[in-house]
Amino acid sequence: MSRTLIAFGTRYGATAEVAQEIAGILQEIYHLEVDLVDLSSRDIKNLQLYNNIIVGSGIKMGRWTGKARRLLQQFHKKCPQGKKLAVFVCSGRAGEPDQYDFAIERYVRQVILRCLKTTKPVAYEAFGGRKPLPDHTFKDNRDWGKIREWAHHVGRIFSSD
Ligand SMILES: Cc1cc2nc3c(=O)[nH]c(=O)nc-3n(C[C@H](O)[C@H](O)[C@H](O)COP(=O)(O)O)c2cc1C
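Below you will find a few notes about this structure. (Residues numbered from 1 in each chain as written. Predicted model: local features only at pLDDT ≥ 70, side-chain atom pairs only at ≥ 80, totals over all residues.)

### Remarks on the pairing of strand S2 (residues 33-38)
Here comes step 1: As defined by bridge partners, strand S1 (residues 3-9) adjoins S2 across 6 bridges and the pair is classed as parallel. Along S2, the bridge assignment pairs Phe8 with Asp38.
Here comes step 2: In the classification by handedness, the crossover that spans S1, the intervening helix H1 (residues 14-28) and the parallel S2 is right-handed. (Pairing = 2+ DSSP bridges. Helix = DSSP H or I, 4+ residues; strand = E, 2+ residues; numbered from the N terminus. Right-handed = clockwise from strand over helix to strand, strands pointing away.)

Rendered as structure tokens:
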């Protein structure tokens, strides 16, 4: 059975919920065996265990979490042959239609180029986020339809030879 890692970095929890949603679809619809890992509580020692890898990060002040970024760099250094990699971020700006292009370019494409050099992911996306506000409410602009659609897209790629 194809083994899949979903590893994420989160500061406020939004990326964890998105990763969980993607994991559910990959398990239930595509019958993939999924390890869901919060990088703040566990390091990934051996990428070789996995056929497919998804790395996700929340964005704060324009930055990924350090552990999620380092996992991308680790993927590049080890360059595991034949592994499929997909990448996503949760970012407030990505959830605003007029700022999505900025977010996908700055937070995803540029980070991929910097960390992965010539290694190319099979898919990448930028989703909205959930920002905690000073009055203890949240501004949540995640689009769950888009998140599920991307999970299916990735599930089809991971299931193909
Ligand atoms: C202090 C702070 C700084 C933020 N900076 C950015 C930013 O630079 N760009 C952006 O698109 N979103 C920004 N956001 C929104 C976050 O990307 C959003 O809350 C996201 O869901 C965070 O992911 P996490 O909950 O997994 O940590 C910021 C949020 C906070 C609270």
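### What about the pairing of strand S3 (residues 52-58)?
Here comes step 1: Of all 7 residues in S3, 7 are buried, a share of seventy percent or more.
Here comes step 2: What you see with S3 is no split at all: Asn52, Ile54, Gly56 and Gly58 on one side and Ile53, Val55 and Ser57 on the other are buried throughout.
Here comes step 3: With 6 bridges connecting them, S1 and S3 associate as parallel partners. Within S3, the residue paired with Ile6 across the bridge is Ile54.
Here comes step 4: Bridge count between S3 and strand S4 (residues 84-90): 7 bridges; the pairing is parallel. Counted as the bridge partner of Ile54 is Ala86 from S4. (Buried ≥ 20, exposed ≤ 12 C-beta atoms within 10 Å, placed from the backbone.)

### Side note on the packing of H1 against helix H4 (residues 144-159)
Pairs of packed helices are described in terms of their axes, by the angle between the two and the distance that separates them.
Here comes step 1: Two elements in contact, H1 and H4, have axes whose closest approach is 9 Å; the angle formed by their N-to-C orientations is 45 degrees. On the basis of the axis angle, H1 is oblique to H4. In this structure, H1 crosses over H4, and the sense of that crossing is right-handed. Across the interface between the two elements, Val18, Glu21, Ile22, Ile25 and Leu26 from H1 touch Trp144, Ile147, Arg148, Ala151, His152, Gly155 and Phe158 from H4.
Here comes step 2: Counted by class, the contact of H1 with H4 contains 8 nonpolar, 2 polar and 2 charged residues. (Axes fitted to C-alpha atoms, helices over the stretch in contact; angles between N-to-C directions. Parallel < 35°, antiparallel > 145°, perpendicular 65-115°, else oblique. Left-handed = near helix turned anticlockwise from the far one by under 90°. Contact = placed C-beta atoms within 7 Å. Nonpolar A, V, L, I, M, F, W, Y, C, P; charged D, E, K, R; others polar.)

### What about the site of the ligand?
Here comes step 1: Around the ligand sit 20 residues in total, of which Tyr12, Thr15, Gly58, Arg93 and Gly129 are the nearest.
Here comes step 2: Considering every element that reaches the shell around the ligand, the biggest residue donor is strand S6 (residues 130-132), with 3 residues. (Near = placed C-beta within 6 Å.)

### Considering unusual backbone geometry
Here comes step 1: Phi at His31 is positive, roughly 55 degrees, even though this residue is not glycine.
Here comes step 2: Looking at where His31 falls in the secondary structure, it is placed in the loop between H1 and S2.
Here comes step 3: Phi at Met61 is positive, roughly 50 degrees, even though this residue is not glycine.
Here comes step 4: Among the structural elements, Met61 can be located in the loop between S3 and helix H2 (66-78).

### Points about the packing of H2 against helix H3 (residues 100-116)
Here comes step 1: Relative orientation of the contacting elements H2 and H3 amounts to 45 degrees, with a least axis distance of 8 Å. When the axis of H2 is compared with that of H3, the two are oblique. Contacts from Arg69, Leu72, Gln73, Phe75 and His76 in H2 reach Val111, Cys115 and Leu116 in H3.
Here comes step 2: For the contact of H2 with H3, the residue count by class is 5 nonpolar, 2 polar and 1 charged.

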